Amino acid sequence: MCSVIRPVKPVQRALSLTLRLRATAGGSARDRRVGPAARADVGPLRASCRSYRSAMSRTEGLLFRQLFESESSTYTYLLADTETKEAILIDPVLETIDRDLKLIRELGLDLKVAVNTHCHADHITSTGLMKKRLVGLRSAISKFSGASADILLSEGDKISFGKHHVAVRETPGHTDGCVALVSGDQSMAFTGDALLIRGCGRTDFQQGSPQKLYKSVHEKIFTLPDQCLVYPAHDYLGQTVSTVGEERTLNPRLTKSLDEFVTIMNNLNLPKPKKIDTSVPANLVCGIHEV
C-alpha cells in the first residue's frame, strides 16, 4: 500500500549488524551506541530511513497515507481528521479505486472531496466513478483545467476536512490548470506534476509553457518553508518525498536560470504519454462520460 515502508527493514538490518560488530570487537556499552563512525558507515541508508520517517504526518490530529499506482507511477494521497473522520483524496487513479475505497472503509472515514491537481494525461482519474459509489462525495479541479467537477478551484481556495484544510496555489506551466495543495500549517505541499523530486513536469503539450512553470515553482512552491515536505503526483525512481529546501538547492532543472531551464525543457524529446488520447478526454469529464 504505502511504498515508503519498504526501506525500513534494510536500515534495521544494517544498524543491527553495526551494533553486533562493535560488540564482537569488545567495545563498551557506550561504544555500542550508534555514534558518528557508525552513522558514516550507513550514510546512504539514512536517506532511505528519512524517507520513511518524513512520510508520516507531523500535524497533530491528521491521518495521512501515501498510496502508489504502478502502471503510471502515480501517487494518491489520503488525508483525514482523526476526530471527525472527514477526509480528502488527492489524485486518485481509476485502476486503484477498489483499493482506495477499501482503505477508506477500513479506517471509518467520511470522504468529502476527491481532488485532481490537474487534468492528467497518463491515467484516468477515479473521481467520477467514485462519486457514483460514495454518496455525497464531490470532485474538485482547477477552474483553468477546462474539466468538469463539482468544485472549480482558484488561487487561495481552501478544501476543508474537519479542523484541517489544504490551500490552493495555482502553478500553471505543465498545464494551465495545475495547482499545488498546501497543508494549513505549511508542513506538506502536494505539488502535482509542477514540481517532482529532482525534476518537474514536461511542458511540451496541454498548454505547457516552461516560462510559466519556472515562475510558478519559484513563486508558489519555493517560497514555502525549507522543511515543508514535497509530495509529487509521480515518481519513477522509487523516491517518495522531498523538501522545499532540498528542491530549491538541488533540483537539477529548477536551480538553473530561466533561459537555461527553457532550453532544457525544449530539448527533452520525450515520447507521447501512452494513454493521452484516452486519458485527457475522460479526465475532462471527471474520469467518466457521465459525471
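So, here is what we can say about the structure in this document. Worth saying up front: this structure is predicted, and the values here are computed from it rather than measured. (Residues numbered from 1 in each chain as written. Predicted model: local features only at pLDDT ≥ 70, side-chain atom pairs only at ≥ 80, totals over all residues. Heavy atoms only, no water.)

## Remarks on the sheet that holds strand S6 (residues 151-153)
Next up, step 1: As summarised here, the arrangement of the six strands in space is S1-S2-S3-S4-S5-S6, forming an open sheet in which the pairing is mixed. Of all the strands in the sheet, the pair left with one neighbour each is strand S1 (62-69) and S6. Between one strand axis and the next, the sheet turns by 20° as a mean value, whatever way the strands run.
Next up, step 2: The sheet contact formed by strand S4 (residues 110-115) and strand S5 (residues 138-142) spans three bridges and is parallel. Across the sheet, the residue bridging to Val113 is Arg138, located in S5.
Next up, step 3: In this fold helix H4 (residues 97-106) packs onto S1, strand S2 (74-81), strand S3 (86-90) and S4, with an angle of close to 160° to the strand it touches most, S1. (Pairing = 2+ DSSP bridges. Helix = DSSP H or I, 4+ residues; strand = E, 2+ residues; numbered from the N terminus. Axes fitted to C-alpha atoms, helices over the stretch in contact; angles between N-to-C directions. Contact = heavy atoms within 4.5 Å.)

## Concerning the nonpolar core
Next up, step 1: Membership of the largest hydrophobic core comes to 23 residues, with the highest contact counts inside it found for Tyr77, Leu79, Val115, Ile159, Leu181, Phe190 and Tyr231.
Next up, step 2: Among the elements that line this core, the one with the most residues is S2, at three residues.
Next up, step 3: Core analysis: the second largest hydrophobic core is formed by 18 residues, Ala189, Val217, Leu224 and Val230 among them. (Core = buried A, V, L, I, M, F, W, Y, C linked by side-chain atoms within 4.5 Å. Buried < 20%, exposed > 50% of the residue type's maximum accessible area, 1.4 Å probe, protein only.)

## Thoughts on empty space enclosed by the protein
Next up, step 1: In this structure the tally under the stated criterion is one cavity of 30 Å³ or more.
Next up, step 2: Estimated volume of the largest cavity: approximately 40 Å³.
Next up, step 3: In this structure, the largest cavity is lined by Ala114, Asn116, Thr127, Ser139, Ala140, Ile141, Ala147, Ser148, Ala149, Asn283 and Cys286.
Next up, step 4: Of the residues belonging to the lining of the largest cavity, the class tally is six nonpolar, five polar and no charged. (1 Å grid on protein atoms, 1.4 Å probe; cavity = no way out; pocket = protein on both sides within 12 Å on 5 of 7 lines; lining within 4 Å. Points joined across faces, edges and corners; volume = space filled by probe spheres on them. Nonpolar A, V, L, I, M, F, W, Y, C, P; charged D, E, K, R; others polar.)

## Description of the packing of aromatic side chains
Next up, step 1: Taken as a whole and judged by the stated rule, the model has nine aromatic pairs.
Next up, step 2: Consider the rings of Phe64 and Phe190, whose centres lie 6.0 Å apart with planes at 55°: the pair is tilted. Linking Phe64 in strand S1 with Phe190 in strand S10 (residues 188-192), this pair joins segments that are 126 residues apart in sequence. There is no split in this pair, since Phe64 and Phe190 are both buried.
Next up, step 3: Ring centres 4.9 Å apart and planes at 55° place the aromatic pair Tyr77 and Phe190 in the tilted group. With Tyr77 in strand S2 and Phe190 in strand S10, the pair connects residues that are 113 residues apart, well separated along the chain.
Next up, step 4: With relative accessibility at 1%, the residue Tyr77 sits in the buried group.
Next up, step 5: A residue is classified by how much of its surface remains accessible, and Phe190, at 1% relative accessible area, is buried. (Phe/Tyr/Trp six-rings, centres within 6.5 Å; stacked < 30°, edge-to-face > 60°.)

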